[in-house]
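Here is what each chain is made of, one letter per residue.
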Amino acid sequence: MKKRILGISLAAAMMVGALAGCGGGSSTESSAPAESQAADASGVKAAVFYYAYSDTYISSVRTALDAALDAAGIEYMDFDGNSTQTTQTEQIDTALSSGYNLLIINQVTSGSSDTAKSICDKAKAAGVPVIFFNRAVEEDGNEGTVLGAYDNIAFVGTDAPEAGHMQGKMVGQYVVDHYDEIDLNGDGKISYAMFKGDASNVEAIYRTQYAVEDANAILTAAGKPELEYFDANNADKFQLDLQGNWSAQAANEYMTTNLSQYTEANGNMIELIICNNDNMAEGCISALNAVGYNNGDGGKTIPVFGVDATDSAKQLIADGKMTGTIKQDAQGMADAIAFLAKNVADGKGLLDGTDGYTKDTANNLDNKIYIAYQEYKG
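Remember, predicted model here, so these are calculated numbers, not experimental data.

Colleague: Quick question: what am I supposed to make of the overall build of the chain here?
Modeller: A tally of helices and strands in the chain yields 10 helices and 16 strands. Expressed as a percentage of the 378 residues in the chain, the buried residues total 56%. For the chain, the proportion of contacts with a sequence separation of at least 24, taken over those separated by at least 6, is 76%. Element-wise, carbon and sulfur atoms account for 46% of the exposed surface of the chain, whose accessible area totals about 14,700 Å².

Here it is, written out as structure tokens:
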């Protein structure tokens, strides 16, 4: 029997006393409650916190996870952090005080062990397990600071450098194979633009770094010059979404400005675009469309690469407007999270039956589960 959960202010009398774990604290009440099935006999009520519903990839995870939790018979509520850690912190506090006894958290402040520790301390005090997902909970180099310090805690995400390496190899090989047609001004060099989603997000950092480094390694091995950033005055060699939202709008605004100065007529056209995610790739393609490029009609096309393999990006690739992306498996991530949640609901250990998953063996973190990336070119 299904029922609609009307709000986090619901009194919750179904706490599982035997659950011991990490604790939570970061977010406000969602304006869009999720429909969920009634909890099973274990009395598990899960609160699921997303950093931002507006993120296209996160939206796909949410859809998949809602379905997976429904199928598992787990009662849940979704919350939108709206890219604000204070909002998410308030939401987590309210969930704990309202009797939610499983926290599933897509942390707003990516790679912040201080934030994650605060969450874990609160959840531990309440005897509530925590599943973090997608966004890193520890700084690069501080692996285990949180995940190795608490019981009844897990992380489901990706191996951060993998997408950057994979995208770099895809870009490098494509450029080698199509060098002369990409080199619009015939100067023997390829001018590129890079769009970074979030200054502190470890995924963004590695994608920005390795997409270029690995592409350059392939180019130089083939006897070609390294990629050259289009704006010699930009020492960072990327344009950043200052709101940290990896948004199509930010990329579109940057690219529209770029294209007012860097053109074929001026002999300095941007010849290649690399984006940290598909949203930003879509924004760049919209800007290119406005000046007659990437219209999918066989005309001039600037290669554009992204990450996520969202449905809209797949369509752009099918239409000949986008070149390639790296698939971040939303369904695989949702299924792994739901598997852990079902363990809790069944009274099992949080990580029971997870030996078949790829783990962070380099840091001896058995509770850090990796979902693999994949190339997608249509």
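Colleague: Is there a simple way to think about the pairing of strand E3 (residues 45-50) in this case?
Modeller: The side chains of a regular strand alternate between both faces of the sheet. Summarising burial for E3: six of the six residues are buried, a large majority. Of the two faces of E3, the one lined by Lys45, Ala47 and Phe49 and the one lined by Ala46, Val48 and Tyr50 are each fully buried. Strand direction decides the pairing type here: E3 and strand E4 (residues 75-80), joined by six bridges, are parallel. Bridge pairing in E4 links Val48 to Asp78. Taken together, E3, helix H1 (residues 56-72) and E4 form a β-α-β motif whose crossover is right-handed. As judged from the four bridges shared by E3 and strand E5 (residues 102-105), these two strands associate in the parallel manner. Note on E5: the bridge partner recorded for Phe49 is Ile105.

Colleague: Explain the pattern of salt bridges to me, please; I cannot follow it from the model alone.
Modeller: Once their charged atoms are close, side chains differing in charge can pair, the charge on each being opposite to the other. For the structure shown, the criterion picks out 10 salt bridges. A salt bridge links Asp198 to Arg135; the shortest N-O distance between them is 3.8 Å. Of this pair, Asp198 sits in the loop between strand E8 (191-196) and helix H6 (202-221) while Arg135 sits in the loop between strand E6 (130-133) and strand E7 (153-157), and the two are 63 residues apart along the sequence. When its relative accessible area of 5% is taken as the criterion, Arg135 is described as buried.

Colleague: What should I look at first to understand the nonpolar core in this one?
Modeller: Within soluble globular proteins, side chains that are nonpolar generally end up buried alongside one another. Counting 87 residues, the largest nonpolar core has Val156 and Ile273 as its most contacted members. Take this core: its biggest share by element is 10 residues, from helix H10 (residues 330-345). Setting aside its immediate chain neighbours within four residues, Val156 contacts Ile131, Phe132, Phe133, Asn134, Met333, Ala336, Ile337, Leu340, Ile369 and Ile371. One finds Phe49, Leu96, Leu103 and Cys120 within the second-largest nonpolar core, a separate group that totals 24 residues.

Colleague: Explanation requested: H1 in the structure shown.
Modeller: In an α-helix, one full turn covers 3.6 residues, which means residues spaced three or four apart are oriented alike. Taking 1.5 Å per residue, 17 residues should reach 24 Å; H1 reaches 25 Å between its end C-alpha atoms and fits that length. Three or more residues of H1 are buried, namely Tyr57, Ile58, Val61, Arg62, Ala64, Leu65, Asp66, Ala68, Leu69, Asp70 and Ala72. Of the residues flanking the start of H1, the one acting as N-cap is Asp55, its side-chain oxygen 2.9 Å from the backbone nitrogen of Tyr57. Once H1 ends, the next one or two residues include Gly73, with phi positive near 70 degrees.

Colleague: For this particular structure, what's the right way to read the packing of helix H4 (residues 160-177) against H6?
Modeller: When two helices pack together, their arrangement is given by the angle between their axes and by how far apart the axes lie. Two elements in contact, H4 and H6, have axes separated by 6 Å at closest approach and are oriented at 35 degrees. Crossing hand, H4 versus H6: right-handed. In terms of residue class, the contact of H4 with H6 is made up of 13 nonpolar, six polar and four charged.

Colleague: Whenever I open this one, the pairing of E8 confuses me. Can you help?
Modeller: With six of six residues buried, E8 lies mostly within the body of the structure. Burial along E8 is two-sided: the face carrying Ser191, Ala193 and Phe195 and the face carrying Tyr192, Met194 and Lys196 are both buried. In this structure, E8 lies alongside strand E9 (residues 228-229), joined through two bridges in parallel fashion. Paired with Tyr192 across the two strands is Tyr229, which belongs to E9. Between the parallel elements E8 and E9, the chain passes through H6 in a crossover that is right-handed. Pairing between E8 and strand E11 (residues 272-275): four bridges, direction parallel. Opposite Met194, over in E11, you have Ile274 as the bridge partner. As defined by bridge partners, E8 adjoins strand E10 (residues 239-240) across two bridges and the pair is classed as parallel. Within the sheet, the bridge partner assigned to Lys196 lies in E10 and is Leu240.

Colleague: Just to check I follow, could you spell out the sheet that holds strand E14 (residues 358-360) for this structure?
Modeller: The strands making up a sheet are joined through hydrogen bonds of the backbone, oriented either antiparallel or parallel. Strand order in this open sheet of seven strands is E4-E3-E5-E6-E7-E15-E14, and the pairing throughout is mixed. For this open sheet the edge positions go to E4 and E14, each flanked by a neighbour on one side alone. The average angle at which neighbouring strand axes cross in this sheet is 25 degrees, direction not considered. Examined bridge by bridge, E14 and strand E15 (residues 365-370) share three bridges and lie antiparallel to one another. Looking at E15, one finds that Lys359 is bridged to Ile369. Sitting on the sheet, helix H3 (residues 113-126) touches E5, E6 and E7, and the angle it makes with E6 is about 160 degrees.

Colleague: Where do I start with the environment of Asp70 in this structure?
Modeller: Looking at the element boundaries, Asp70 is found in helix H1. Counting along the chain gives 268 residues from Asp70 to Ala338, while the straight-line C-alpha distance between them is 9.4 Å.

Colleague: What should I look at first to understand helix H9 (residues 311-318) in this one?
Modeller: Taken as a whole, H9 has its buried residues at Ala313, Leu316 and Ile317. For H9, the angular spread of buried residues about the axis comes to 100 degrees, placing them on one side. Along H9, exposed side chains directed more than 90 degrees from the buried face belong to Asp311 and Ala318. Of the surrounding elements, those touching the buried residues of H9 are helix H8 (278-290), strand E13 (324-328) and strand E16 (373-376). With its phi angle positive at about 80 degrees, Gly320 sits one or two positions after the end of H9.

Rules of the game
Residues numbered from 1 in each chain as written. Predicted model: local features only at pLDDT ≥ 70, side-chain atom pairs only at ≥ 80, totals over all residues. Heavy atoms only, no water. Helix = DSSP H or I, 4+ residues; strand = E, 2+ residues; numbered from the N terminus. Buried < 20%, exposed > 50% of the residue type's maximum accessible area, 1.4 Å probe, protein only. Contact = heavy atoms within 4.5 Å. Areas by Shrake-Rupley, 256 points an atom, 1.4 Å probe, with all protein chains shown as cover. Pairing = 2+ DSSP bridges. Right-handed = clockwise from strand over helix to strand, strands pointing away. Salt bridge = Lys/Arg side-chain N within 4 Å of Asp/Glu carboxyl O. Core = buried A, V, L, I, M, F, W, Y, C linked by side-chain atoms within 4.5 Å. Expected span 1.5 Å × (residues − 1). Polar contact = N/O pair within 3.5 Å; in protein donor to acceptor, adjacent residues only side chain to side chain. Axes fitted to C-alpha atoms, helices over the stretch in contact; angles between N-to-C directions. Left-handed = near helix turned anticlockwise from the far one by under 90°. Nonpolar A, V, L, I, M, F, W, Y, C, P; charged D, E, K, R; others polar. Arc of directions from axis to C-beta.

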